[in-house]
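# Reading the structure
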Amino acid sequence: VQLQASGGGLVQAGGSLRLSCAASERTFSSYGMGWFRQAPGKEREFVAGISWSGGRTIYADSVKGRFTISRDNAKNTVYSQMNSLKPEDTAVYYCAATDKVWTLLLRADSYLYWGQGTQVTVSS
């Protein structure tokens, strides 16, 4: 499965961005999906995950209430709506696909496929 992330950019604190991740295969609907991010000098961290059906979602505490993950299986696409952005949200954001159960969505080692990343920069 090839994943193509897009939608990053430069935004002021308090602003919003919507990330998209398009998958290359129709089997997209059988994969759980996740968003991770990596800031300079820091380890990659979990942001949000969604089960294959979209019925289960999970968020990192740092983004809960501000970010929303969703998916459109007809379009083979997963989204991350990011509101009330903060400078500490600045990072490269990656989408990833997993065949594991939704309870493992927050573990990076659960994921089989990764997109190339999209830069999000939030200015203060």
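Before any of the text, the structure's been laid out above.
Here we summarise the structure given alongside this text. (Residues numbered from 1 in each chain as written. Predicted model: local features only at pLDDT ≥ 70, side-chain atom pairs only at ≥ 80, totals over all residues. Heavy atoms only, no water.)

## Describing the side chain of arginine 66
For arginine 66, the position within the fold is in the loop between β6 (57-59) and β7 (67-72). A residue is classified by how much of its surface remains accessible, and arginine 66, at 10% relative accessible area, is buried. Of note is the side chain of arginine 66, whose polar atom sits 2.8 Å from the side chain of aspartate 89. (Helix = DSSP H or I, 4+ residues; strand = E, 2+ residues; numbered from the N terminus. Buried < 20%, exposed > 50% of the residue type's maximum accessible area, 1.4 Å probe, protein only. Polar contact = N/O pair within 3.5 Å; in protein donor to acceptor, adjacent residues only side chain to side chain.)

## Structural notes on the pairing of strand β8 (residues 77-82)
Counting buried positions over the 6 residues of β8 gives 5, a clear majority of the element. Pairing of strand β3 (residues 17-23) with β8, which is carried by 6 bridges, proceeds in the antiparallel orientation. Within β8, the position partnered with leucine 19 by the bridge is serine 80. In this sheet, β8 lies alongside β7 in antiparallel orientation, the contact comprising 6 bridges. By the bridge assignment for β8, isoleucine 69 is matched with serine 80. Here β7 folds back onto β8 in antiparallel fashion, the turn holding 4 residues, of which asparagine 76 has a positive phi close to 55°. (Pairing = 2+ DSSP bridges.)

## Points about the nonpolar core
Counting 36 residues, the largest nonpolar core has Leu3, Met33, Trp35, Val78, Met82 and Tyr93 as its most contacted members. Here this core takes 5 residues from strand β9 (residues 91-98), the largest share from any one element. With residues near it in sequence (within four places) discarded, leucine 3 still touches Cys21, Ala22, Ala23, Met33, Cys95, Ala96, Ala97, Tyr113, Trp114, Gly115 and Gln116. (Core = buried A, V, L, I, M, F, W, Y, C linked by side-chain atoms within 4.5 Å. Contact = heavy atoms within 4.5 Å.)

## Notes on the sheet that holds strand β1 (residues 3-6)
One key point about sheets: their strands pair by backbone hydrogen bonds, in either a parallel or an antiparallel sense. Taking strand neighbours across the sheet as the criterion, the 4 strands line up as β1-β3-β8-β7 in an open arrangement whose pairing is antiparallel. Of all strands in the sheet, those with a lone pairing partner are β1 and β7, marking the two edges. Taking each pair of neighbouring strands and ignoring which way they run, the sheet shows an average axis angle of 15°. (Axes fitted to C-alpha atoms, helices over the stretch in contact; angles between N-to-C directions.)

## Focus on the pattern of salt bridges
Per the stated rule, a full pass over the model turns up 6 salt bridges. Between arginine 66 and aspartate 89 there is a salt bridge, with its nearest N and O atoms 2.8 Å apart. Taken together, the residues span a long stretch of sequence, with arginine 66 in the loop between β6 and β7 and aspartate 89 in the loop between β8 and β9 at a distance of 23 residues. Between aspartate 109 and arginine 107 there is a salt bridge, and its shortest N-O distance comes to 2.8 Å. The class for aspartate 109 is exposed, based on a relative accessible area of 59%. A network of salt bridges, in which partner residues are shared, links Arg37, Glu45, Arg66 and Asp89. (Salt bridge = Lys/Arg side-chain N within 4 Å of Asp/Glu carboxyl O.)

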